[in-house]
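# Structural overview for review
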Amino acid sequence: MTGPGRIVLAQPRGFCAGVRRAIGIVERALDLHGAPVYVRKEIVHNHYIVSELEKRGAVFVDSEEDVPPGAVCVFSAHGVAPAVRAGAARRRLEVIDATCPLVAKVHQEAQRFARDGRTILLVGHAGHEEVDGVLGEAPERTIVVESAADVARLDLPAGTPVAFLTQTTLSFDETAKVVEALRARFPDIVSPGGDDICYASQNRQNAVKDLARRHDLVLVVGSANSSNSLRMVEVAREHGCRAHLVPDRGHLRPEWLDGVSGIGVSAGASAPEILVDGVLDRLAELGWSRVEVQRAAPEDVVFSMPARLADPVTGRIPRTPLADEPRAR
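Heads up: these notes are all about the structure in this document.

## Re the nonpolar core
Ranked by internal contacts, the top residues of the largest apolar core, which has 30 residues, are I23, V26, I43, V44, I49, L53 and V74. Elements that contribute at least two residues to this core include exactly α1 (17-33), β2 (37-40), α2 (47-56), β3 (58-61) and β4 (72-75). With seven residues, α1 is the largest single contributor of residues to this core. If sequence neighbours within four positions are ignored, I49 has contacts with F15, I23, I43, V44, S270, P272 and L322. Of all hydrophobic cores here, the second largest spans 20 residues; its members include L9, L252, V260 and L275.

Printed below as a string of structure tokens:
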């Protein structure tokens, strides 16, 4: 069978608790302080979210040095190095920290391993904002490792006390290969207290694996600079399925659907549901209107907002539009 068949929509998909919290922090800061509110880097890696927050008065900058002295500055969900915090303090910025709590956990582990005198082998993508932040905790004793081949090339004296950490948005399967290589080379290596790869990344990757086994094509809604979205595409391809990243409906190419009998659709952890809806609408225009939801691991994680953002009268933190849950299907 070829031609329009069914679309299976993964659940969970889209926003994770850390992304929802980060977006809500910017929106709430705008409510309390008014525009402009400065945000160091993109609050999350999604073009639509950044554009919508800019319309509301958020100003995105590359460095804390670009923020006027004394202004409100939000640190993104990806976390920052201690040097960034010091720079913000020198400029007397009113900092609101939107670092994902799971990323903050990796920072704490890096601090602990550094205090213990260990060389930290940080599994991740060099240059990614999250990796840069963790690397900044102990730059003189941290080495970024991207692959098993990098492990073989490490120039460390025998007996060097080592520990490893991982970026939270990596492919679980690929990271396992790197960690296996690390353990083989350094039998006494110390690991973090639990998996650093976040629950949401794992859940979305597992759902994509299942979609890839059952369908000819997998579409992942997410921006090109979203690490977790890119990993989802890679996971689908590694499981033998054609897969494409779709930033929004305008990027969906009709020729991808040629000869396809079933399509799996998911979304990265920083992609809002409005973009998923747009892609589904475009597929319907192309004849693909049957949509079923595949429910996998339930997600009920909620990260609390900073207390300083609470309503001064009620003490509550209102829900914010961009950070709300997607509508039920």
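## Concerning the packing of α1 against α2
At a closest axis distance of 11 Å, the pairing of α1 and α2 adopts a crossing angle of 10 degrees. Taken as axis vectors, α1 and α2 run roughly parallel relative to one another. Residues I23, V26, E27 and L30 of α1 form the contact with α2, whose participating residues are I49, L53 and R56. Along the lines of polarity and charge, the residues of the contact of α1 with α2 split into five nonpolar, no polar and two charged.

## As for the pairing of strand β1 (residues 6-11)
Bridge analysis of β1 against strand β11 (residues 262-267) gives four bridges, and the strand direction is parallel. Bridging from a neighbouring strand, R6 pairs with G262 of β11. With six bridges joining them, β1 and strand β12 (residues 290-295) adopt parallel strand pairing. Residue L9 lies in a different strand from β12, and its bridge partner there is V293.

Parameters and conventions
- Residues numbered from 1 in each chain as written.
- Predicted model: local features only at pLDDT ≥ 70, side-chain atom pairs only at ≥ 80, totals over all residues.
- Heavy atoms only, no water.
- Core = buried A, V, L, I, M, F, W, Y, C linked by side-chain atoms within 4.5 Å.
- Buried < 20%, exposed > 50% of the residue type's maximum accessible area, 1.4 Å probe, protein only.
- Helix = DSSP H or I, 4+ residues; strand = E, 2+ residues; numbered from the N terminus.
- Contact = heavy atoms within 4.5 Å.
- Axes fitted to C-alpha atoms, helices over the stretch in contact; angles between N-to-C directions.
- Parallel < 35°, antiparallel > 145°, perpendicular 65-115°, else oblique.
- Nonpolar A, V, L, I, M, F, W, Y, C, P; charged D, E, K, R; others polar.
- Pairing = 2+ DSSP bridges.

What is shown is where atoms sit, not what they do.
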